[in-house]
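Structural characterization, general
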Amino acid sequence: QVQLVESGGGLVQAGGSLRLSCVVSGSTGSKYRQEWHRQAPGQRRELVASITSGGSPDYEDSVKGRFTISRDDAKNTVYLQMNALKPDGTGIYYCKLHRVWPGRGDYWGQGTQVTVSS
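Because the structure is predicted, anything quoted here is derived from the model rather than measured.

Sheet architecture is open: four strands sit in the order 1-3-8-7, paired in antiparallel fashion. Single-partner strands in this sheet number two, and they are strand 1 (3-7) and strand 7 (67-72). Averaged over all pairs of adjacent strands, the angle between their axes in this sheet comes to 15°, without regard to strand direction. Sheet topology note: the strand 1/strand 3 (residues 18-25) ladder contains five bridges and is antiparallel. Within strand 3, the residue paired with Q3 across the bridge is S25.

Another aspect to go through is unusual backbone geometry. Cis rather than trans, the peptide bond between W101 and P102 has omega equal to -10°. Along the chain, P102 falls in the loop between strand 9 (91-101) and strand 10 (105-108). For N76, which is not glycine, the phi torsion reads 50° and is therefore positive. In this structure, N76 sits in the loop between strand 7 and strand 8 (77-82).

The next point concerns the pattern of salt bridges. Close approach of charged atoms allows side chains with opposite charge to pair. Taken as a whole, this structure holds six salt bridges when the rule is applied. Among the ionic pairs, K64 bridges to D61, the shortest N-O distance being 3.1 Å. Classification of K64 by relative accessible area gives partly exposed; the value is 47%. Exposure remark for D61: the relative accessible area of 60% places this residue in the exposed category. Residues joined in a network through salt bridges with shared partners are R33, E35, K96 and D106.

The next point concerns the side chain of E35. Tracing the backbone through its elements, the reader meets E35 in strand 4 (residues 31-39). At a separation of 2.7 Å, a polar atom in the side chain of E35 contacts the side chain of R33. A distance of 2.7 Å separates the side chain of E35 from the side chain of H37, its partner in a polar contact. Leaving out residues up to four positions away in the same chain, E35 has contacts with L47, A49, S50, Y94, C95, K96 and H98.

Moving on, we get to the nonpolar core. For soluble globular proteins, nonpolar side chains are generally found buried alongside one another. Formed by 25 residues in total, the largest nonpolar core has its most connected members in W36, F67, I69, L80, M82 and Y93. Put simply, the parts of the chain that give this core at least two residues each are strand 3, strand 4, strand 5 (46-52), strand 7, strand 8, strand 9 and strand 11 (112-117). Top contributing element to this core by residue count: strand 3, with four residues. Excluding residues that lie within four positions of it along the chain, Y93 makes contacts with E6, L20, W36, H37, R38, F67, L80, M82, G111, T112 and V114.

So, about the pairing of strand 5. Two elements, strand 4 and strand 5, share six bridges in a ladder whose sense is antiparallel. Looking across to strand 5, one finds that R38 is bridged to E46. In sequence, strand 4 turns back onto strand 5 through a hairpin of six residues, with G42 there showing a positive phi of about 75°. Bridge analysis of strand 5 against strand 6 (residues 57-59) gives three bridges, and the strand direction is antiparallel. Each bridged residue has a counterpart across the sheet, and for A49 the counterpart in strand 6 is Y59.

How each quantity is defined
Residues numbered from 1 in each chain as written. Predicted model: local features only at pLDDT ≥ 70, side-chain atom pairs only at ≥ 80, totals over all residues. Heavy atoms only, no water. Pairing = 2+ DSSP bridges. Helix = DSSP H or I, 4+ residues; strand = E, 2+ residues; numbered from the N terminus. Axes fitted to C-alpha atoms, helices over the stretch in contact; angles between N-to-C directions. Salt bridge = Lys/Arg side-chain N within 4 Å of Asp/Glu carboxyl O. Buried < 20%, exposed > 50% of the residue type's maximum accessible area, 1.4 Å probe, protein only. Polar contact = N/O pair within 3.5 Å; in protein donor to acceptor, adjacent residues only side chain to side chain. Contact = heavy atoms within 4.5 Å. Core = buried A, V, L, I, M, F, W, Y, C linked by side-chain atoms within 4.5 Å.

Put into structure tokens, the structure is as follows:
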């Protein structure tokens with residue numbers, strides 16, 4: 001059974017920083033991708049950043065240069081460092097594990113709220 005638990009959200013002023021954490025328990029598999037998604041109020045959930053099992057990161061265009069995704073395998077934790085936050089960064093941030101092999105599956109955390117005030 002895979003479980004993901006996010007933490008680190010909160011209220012921050014525009015221009016500030018936050019670091020989100022996602023602790024993963026259970027088997028991630030050998031080939032997978034870990035993702036951070038954001039759901040703004042009244043909007044659909046969107047992919048913000050991802051990192052593969054090989055360590056390759058990818059970012060949505062609007063966060064490139066400001067957000068950094070990383071992983072600490074010893075702690076089974078994936079991070080999202082968010083700098084220079086803007087009010088449009090407000091939303092619930094969800095951690096997701098997309099497991100490719102062995103055994104495909106998608107697993108989500110419960111989300112953590114980030115509010116960026118102007």
